[in-house]
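Fold and contact review
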Amino acid sequence: MEYPIKDMKDIGIEDLGIEVDGEGSFAVQIKGYEHRFTAEEVVAEMSDQLEVRNSIKNALLRKAQKVILSGLKKGRLRLSEEELEDFDLNMLIWFADKALKGEHKSYLTK
């Protein structure tokens, strides 16, 4: 696999070295917090990110990092339903970016 990925054509989750369970999902860990994704949603987000201009993508990533750090600091269990949805979406945005750059493997749970 050549990074950064510039085209998602014919790239699946297996090509990224990510093993999924029987339900097609996997987990990542960040700062002691474990989050589950489906292979389908990560591949779709990676494709979406490749279609966005770099300046916009960078702004989205900065926002995602702020939301994630805030959510981790506050504690996921204390987030409102709306905050939880925002947190989950931003985790997906952040992880898809890491996968596009080839920086995702260190976050995968074993």
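The structure contained in this document is the topic of the report that follows. The structure displayed is predicted, hence computed values, not measured ones. (Residues numbered from 1 in each chain as written. Predicted model: local features only at pLDDT ≥ 70, side-chain atom pairs only at ≥ 80, totals over all residues. Heavy atoms only, no water.)

1. With respect to the packing of aromatic side chains
Stated formally: Ring pairs shown here join Phe, Tyr and Trp side chains whose ring centres sit within 6.5 Å, with only the six-membered ring taken for Trp; geometry is labelled stacked below 30 degrees between planes, edge-to-face above 60, and tilted in between. Strands are runs of DSSP state E lasting at least 2 residues, helices are runs of H or I lasting at least 4, and numbering of each runs from the N terminus. For every residue, the accessible area obtained with a 1.4 Å probe (protein chains only) is divided by the maximum for its type, and the residue is called buried under 20%, exposed over 50%, and partly exposed between those limits.
A complete count under the given rule lists six aromatic pairs for this structure. Judged by centre distance (6.0 Å) and plane angle (45 degrees), the ring pair of Phe26 and Phe37 falls under tilted. Residue Phe26 is located in strand 1 (residues 25-30), and its partner Phe37 is located in strand 2 (residues 33-38); the two are separated by 11 residues in the primary sequence. Judged on exposure class, the residue Phe26 and its partner Phe37 are both buried. Seen in terms of ring centroids, Trp94 and Tyr107 are 4.7 Å apart; in terms of plane orientation they differ by 80 degrees. Their pairing is edge-to-face. On the criterion of sequence distance, the pair formed by Trp94 in helix 3 (residues 81-101) and Tyr107 in the segment after helix 3 is long-range, its members being 13 residues apart. Its relative accessible area of 6% is what places Trp94 among the buried residues. Given the relative accessible area of 22%, Tyr107 is considered partly exposed. Of the aromatic side chains, those joined through ring pairs into one cluster are Phe26, Phe37, Trp94, Phe95 and Tyr107.

Spatial relationships are all this shows, so hold off on functional conclusions.
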